[in-house]
Amino acid sequence: MIRQEMLQLTDDELVARCRRELPSNTRSYEELVQRHMHHVYSIAYRVVNNREEAEDIAQDVFVKVFHNIKKFEQQAAFSSWLYRVTTNSALDALDKTRRQRKNVIHMSSPTAIMKQGESDPLQQQAAPAVGPEDRAVQNELRECINNVLRKLDREQARLLIMRDFDDLSYDEIAKLLDAGLSAIKMRIHRARLAFQEMFG
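Note that this is a predicted model, so its numbers are computed, not measured.

Caption draft 1: Focus on the overall build of the protein chain. If you tally the helices and strands in the protein chain, you get eleven helices and zero strands. Secondary structure elements in the protein chain, listed N-terminal to C-terminal, are α-α-α-α-α-α-α-α-α-α-α. For the protein chain, with 200 residues in total, the buried portion stands at 42%. Taking contacts inside the protein chain between residues at least 6 apart in sequence as the whole, the part at least 24 apart equals 63%. Total accessible area on the protein chain stands at roughly 11,500 Å², and carbon and sulfur atoms take up 49% of it.

Caption draft 2: Structural detail: the pattern of salt bridges. Summed over all chains, the structure comprises eleven salt bridges. Two residues, Asp166 and Arg46, come together in a salt bridge whose shortest N-O distance is 2.5 Å. Of this pair, Asp166 sits in the loop between helix 9 (154-165) and helix 10 (170-177) while Arg46 is found in helix 3 (residues 27-48), placing the two residues 120 residues apart along the sequence. Classification of Asp166 as buried rests on a relative accessible area of 13%. Overall, Arg46 belongs to the partly exposed group, its relative accessible area being 29%. Ionic pairing is found between Asp60 and Lys64, a salt bridge with its closest N-O pair at 3.2 Å. Of the two residues, Asp60 and Lys64 are both situated in helix 4 (residues 51-68); the distance of four residues between them amounts to about one turn of the helix. Looking at Asp60, the relative accessible area reads 33%, which means it is partly exposed.

Caption draft 3: Spotlight on the packing of aromatic side chains. Counted under the stated rule, the structure contains six aromatic pairs. Centroid distance Phe195 to Phe199: 5.6 Å. Interplanar angle 20°. Geometry classified as stacked. You can see Phe195 and its partner Phe199 sitting in helix 11 (residues 181-199), four residues apart, about one turn around the helix. Phe199 matches Phe195 in its accessibility class, with the two residues each being buried. Members of the aromatic cluster, joined through ring pairs, are Phe72, Phe78 and Trp81. Across from the ring centre of Tyr170, 5.7 Å away, lies the NZ or CZ of Lys185, which sits over that ring.

Caption draft 4: A look at unusual backbone geometry. Here the amide bond leading from Leu22 into Pro23 is cis, since omega sits at 5°, within 30 degrees of zero. Among the structural elements, Pro23 can be located in the loop between helix 2 (11-21) and helix 3. The backbone phi angle of Asp167 is positive, close to 60°, even though this residue is not glycine. With a relative accessible area of 60%, Asp167 lands in the exposed category. You will see that Asp178, though not glycine, has its phi angle at about 55°, which is positive. Relative to the assigned elements, Asp178 resides in the loop between helix 10 and helix 11.

Caption draft 5: Region of the structure containing helix 3. For helix 3, built from 22 residues, the straight-helix expectation of 32 Å at 1.5 Å per residue is met to within 8% by its first-to-last C-alpha distance of 30 Å. Of all the bends in helix 3, the greatest, near 50°, is centred on His36. Trailing helix 3 by a residue or two, Asn49 shows a phi angle of about 60°, which is positive.

Cut-offs applied
Residues numbered from 1 in each chain as written. Predicted model: local features only at pLDDT ≥ 70, side-chain atom pairs only at ≥ 80, totals over all residues. Heavy atoms only, no water. Helix = DSSP H or I, 4+ residues; strand = E, 2+ residues; numbered from the N terminus. Buried < 20%, exposed > 50% of the residue type's maximum accessible area, 1.4 Å probe, protein only. Contact = heavy atoms within 4.5 Å. Areas by Shrake-Rupley, 256 points an atom, 1.4 Å probe, with all protein chains shown as cover. Salt bridge = Lys/Arg side-chain N within 4 Å of Asp/Glu carboxyl O. Phe/Tyr/Trp six-rings, centres within 6.5 Å; stacked < 30°, edge-to-face > 60°. Lys NZ or Arg CZ within 6 Å of the ring centre and 35° of its normal. Expected span 1.5 Å × (residues − 1). Bend = angle between axes of the 7 residues up to and from the residue.

By themselves, these are just geometric observations and shouldn't be taken as functional.
Pasting the structure below:
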């Protein structure tokens, strides 16, 4: 099938073809990779804040997709499943980084960093850095945020990534996780409280 015809297929149709054709025919899989690679990389980068590591995570995600797509039952959208695989892989990468670090880097107090800007560090992490000093503060803050994300419950970390890193609406998160809107709002509220308690 030529590329133009592939472009006409929905994700669901491509997934169905992958489940029938892999591993002998990879054209539908390759189309899914091309279609979603940039988004997967963007999610990973926002979590780990490192280009090479984000590229590695994106590649790892699509290896997992290749090996597990036949188990994907298509009860949810492919993009929702892919999002969960990506956030899990990014959080795994944070865990791996923490385990590899034998020496803890002592940084200036997170509360002192918070006084320089917004009170919510999760919101501040997206602020653009202007000069070298701002960039250094941003990097310190990002490292603090990543340290807390590593310690949080996995589900709480995923919710915060969705809401505060990827700026998804409550409705979008509810659909992705197949949960009620009020339940999602409450879970995000609790995740933020847990984050702020650990951060402070």
